[in-house]
Amino acid sequence: MTGINEFQNNTDIRSMTIDSLVQHIGETVTLKGWLHQKRGSKGLFFMVLRDGTGMVQCVVNQGKVDATSWDNASSTTQESSLIVTGEILKDERQIGGIEIQASQIEVFQIVKDYPITPKSHGIDFLMDHRHLWLRSRRPWAIMRVRNRIIMSIHNFFQERGFLQMDAPLLTKNAVEGTSTLFEIDYFGSSAYLTQSGQLHGEVMAMAFNKIYTFGPVFRAEKSKTRRHLTEFWMIEPEMAFYDLDMNMTLAEDFLIRIASDAIEDCHEELDLLGRDLDWLRRVQPPFPRITYTDAVELLHSDQTQVMVQKHIEQLQQERSDLEQERTANRQNYGQLKEWKKRRIDAREIEINIRMDQIDEELRNLPQWGKSAEQFEWGGDFGGSDETLLTWHFDRPIIVHRYPESVKAFYMKRDPEDDRLALGMDILAPEGFGEIIGGGQRADDLTFLEEQVQRHRLPQDAFEWYFDLRRYGTVPHSGFGLGLERTVAWICGLEHIREAIPFPRMLGRLSP
């Protein structure tokens with residue numbers, strides 16, 4: 001075994017990363033990384049190397065390497081760290097359309113008993129080992145999409161003249177209601193982890209016209225749904241002199257840009273995740289805009305019940321097809337070669353996971369249909385209501401003018417109907433639900449003071465916020481986009497916990 005300080009550095013051979021290899025076919029290069037998997041027969045190994053930028057197959061032929069390199073290749077195990085030197089060859093059958101014909105293998109560490117093996121692991125086991133699971137192909141793809149979305153967000157706002165600003169993480173104020181605050185001791189006084197940067201964002205918009213904040217927020221919701229985290233990242237633009245319609249148009253343009261950039265720059269990652277890109281290609285203007293009242297009528301419609309029944313029938317058919325596929329795969333299983341067995345085993349894991357999801361959906365759908373029929377005007381939409389609403393459209397939809405009772409105290413009222421707040425939510429298709437929430441902010445001091453009293457909030461904690469209405473008040477609007485919900489939507493993830501490197505949820509605080 002070779003120590004890291006003993007690695008040879010041949011100045012005539014270029015050290016590269018895997019993502020750049022395709023541009024240098026025919027050259028001899030050095031790669032530094034980890035062994036993802038290995039297979040082989042007498043005198044030949046096929047080693048898949050990963051380096052964080054991608055994966056590449058390295059062919060190690062005993063007759064073409066020295067004895068030390070062959071011994072190193074023979075002894076490597078999953079996640080062993082190594083250096084491979086070899087020539088880049090074009091091979092369209094392999095990952096990325098290339099492979100490496102190895103001439104030298106150096107080893108830094110041989111790993112023993114790596115816990116995440118190619119076999120199936122439960123989600124709790126994988127989350128307990130998240131510090132290692134991040135090395136696997138699926139998390140690799142998701143985190144790269146997340147990174148591209150983040151860059152897209154910054155580019156979108158910077159190109160439009162927005163200034164990025166930072167809101168404090170420690171506050172004295174509730175933004176989204178007092179029941180979901182994490183309280184801490186702040187030198188003998190109570191303070192809270194922020195639920196949103198919005199209130200401070202309004203301050204900065206009055207100083208700089210158009211700003212956005214990008215940072216972590218915290219919600220102490222005791223919820224275990226697939227859409228909830230206790231710590232997540234929010235992007236919150238605030239704009240002076242923007243009304244609700246302008247706000248909705250900006251949010252629509254924003255989502256179109258994110259989806260477009262993901263399609264253009266993350267094709268490999270989305271393909272690895274099995275994402276249906278047709279759904280993302282449909283993220284085009286205009287988004288349907290419907291009022292809350294229209295949305296309630298849509299839930300009550302016969303069309304919604306027809307769609308529920310149709311979805312049940314489709315799921316039943318899919319389940320039947322999967323059962324037949326599983327039975328067919330098991331025929332003559334014992335007579336197959338090992339590599340074919342491994343492929344069948346991997347597919348059976350996928351089938352079992354999907355069938356569990358189908359069974360859960362079949363249990364839930366009749367209840368969703370009944371809930372939609374009985375939904376009463378004035379209530380807030382639940383996850384199932386949002387899902388059913390999006391089934392009526394082929395792209396994100398904007399629902400606006402909600403009852404003021406289900407929106408935050410700082411929302412401006414609709415001048416044509418005082419029961420309504422000038423708020424809006426954007427619901428993603430395919431059941432991913434709300435990914436943007438926002439609206440026009442109240443700009444009247446007396447109204448805000450009354451709202452704070454009505455919600456039994458401490459008035460002294462909001463005096464600085466009232467100053468925005470005392471000194472140069474203007475119409476202004478903004479919204480918040482949850483980064484992890486957006487990543488889950490773009491990647492087509494079943495659960496939001498995969499959309500962040502280290503999820504914090506009810507009952508999970510490590511690793």
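Because the structure is a prediction, the values reported are computed rather than measured.

Novice: So what's going on with the confidence of the model for the protein? Which residues, and what values?
Specialist: On average, residues of the protein carry a pLDDT of 93, and 97% of them reach 70 or more. In this model, residues 1-7 is a region of pLDDT below 50 whose contacts with residues beyond four sequence positions or in other chains number 14 contacts.

Novice: Explain a nonpolar patch on the surface to me, using residue names and the numbers behind them.
Specialist: A surface patch of nonpolar side chains, about 430 Å² in accessible area, is lined by Leu 170, Ile 184, Tyr 186 and Phe 187. Tracing the sequence through the fold places Tyr 186 in strand S9 (residues 182-186). What makes Tyr 186 partly exposed here is its relative accessible area of 42%.

Novice: Summarise the packing of helix H4 (residues 137-159) against helix H15 (residues 483-491); cite the residues concerned and give the values.
Specialist: Where H4 contacts H15, the axes come no closer than 10 Å and their chain directions differ by 120 degrees. It follows from the interaxial angle that H4 and H15 lie oblique. Handedness of the H4/H15 crossing: right-handed. Counting all contacts with H4, which are made through Ile 142, Val 145, Arg 146, Ile 149, Ile 150 and Ile 153, the residues of H15 involved are Leu 483, Glu 484, Thr 486, Val 487, Ile 490 and Cys 491. Partitioned by chemical class, the residues of the contact of H4 with H15 number nine nonpolar, one polar and two charged.

Novice: With reference to specific residues and values, describe the sheet that holds strand S8 (residues 170-171).
Specialist: Note: strands within a sheet are paired through backbone hydrogen bonds, in either parallel or antiparallel orientation. Overall, antiparallel pairing links the three strands, which are arranged S8-S10-S9 in an open sheet. With partners counted over all chains shown, the strands left at the sheet margins are S8 and S9, one partner each. Pairing geometry for S8 and strand S10 (residues 189-193), over two bridges, is antiparallel. Within S10, the residue paired with Leu 170 across the bridge is Leu 193.

Novice: Would you mind going over the packing of helix H11 (residues 338-374) against helix H12 (residues 383-390) in detail, with residue names and values included?
Specialist: At a minimum axis distance of 10 Å, the contact between H11 and H12 shows a crossing angle of 90 degrees. Between H11 and H12, the interaxial angle falls into the category roughly perpendicular. In contact with Trp 368, Ser 371 and Ala 372 of H11, H12 contributes Ser 384, Asp 385, Thr 387 and Leu 388. Here the contact of H11 with H12 is composed, by residue class, of three nonpolar, three polar and one charged.

Novice: Could you give an account of the pairing of strand S12 (residues 231-240), with specific residues and numbers?
Specialist: Of all ten residues that make up S12, eight are buried, and the element is covered over most of its length. As paired strands, S12 and strand S18 (residues 476-482) are joined by five bridges and run antiparallel to one another. Across the sheet, the residue bridging to Glu 238 is Gly 478, located in S18.

Novice: Before we move on, can you summarise the pairing of strand S17 (residues 433-441) with the specific residues and values?
Specialist: For S17, the buried fraction is high: seven of the nine residues fall into the buried class. Note that strand S16 (residues 417-428) and S17 share six bridges and pair antiparallel. Looking across to S17, one finds that Ala 428 is bridged to Gly 433. The loop that links S16 with its antiparallel partner S17 comprises four residues; one of these, Glu 430, has a positive phi angle of about 65 degrees. The pairing of S17 with S18 spans six bridges and is classified as antiparallel. Residue pairing for S18: Gly 439 is matched across the bridge by Gly 478.

Novice: Lay out unusual backbone geometry with the relevant residues and their values.
Specialist: A cis amide bond links Pro 285 with the next residue in sequence, Pro 286, at an omega value of -5 degrees. Along the polypeptide, Pro 286 turns up in the loop between helix H8 (277-281) and strand S13 (289-291). Here the amide bond leading from Ser 510 into Pro 511 is cis, since omega sits at 5 degrees, within 30 degrees of zero. Mapped onto the secondary structure, Pro 511 falls in the segment after H15. If you check the backbone angles, Asp 113 has positive phi at about 55 degrees while not being a glycine. Structurally, Asp 113 is set in the loop between strand S6 (98-109) and helix H2 (123-128). The exposure class of Asp 113 is exposed, given its relative accessible area of 76%. You will see that Asn 332, though not glycine, has its phi angle at about 60 degrees, which is positive. With respect to the helices, strands and loops of the structure, Asn 332 is situated in the loop between helix H10 (302-330) and H11. A relative accessible area of 52% means that Asn 332 is categorised as exposed.

Conventions we followed
- Residues numbered from 1 in each chain as written.
- Predicted model: local features only at pLDDT ≥ 70, side-chain atom pairs only at ≥ 80, totals over all residues.
- Heavy atoms only, no water.
- pLDDT = per-residue confidence, 0-100.
- Contact = heavy atoms within 4.5 Å.
- Patch = residues over 30% accessible without salt bridge, like charges linked within 9 Å, V, L, I, M, F, W, Y side chains within 5 Å.
- Areas by Shrake-Rupley, 256 points an atom, 1.4 Å probe, with all protein chains shown as cover.
- Salt bridge = Lys/Arg side-chain N within 4 Å of Asp/Glu carboxyl O.
- Helix = DSSP H or I, 4+ residues; strand = E, 2+ residues; numbered from the N terminus.
- Buried < 20%, exposed > 50% of the residue type's maximum accessible area, 1.4 Å probe, protein only.
- Axes fitted to C-alpha atoms, helices over the stretch in contact; angles between N-to-C directions.
- Parallel < 35°, antiparallel > 145°, perpendicular 65-115°, else oblique.
- Left-handed = near helix turned anticlockwise from the far one by under 90°.
- Nonpolar A, V, L, I, M, F, W, Y, C, P; charged D, E, K, R; others polar.
- Pairing = 2+ DSSP bridges.

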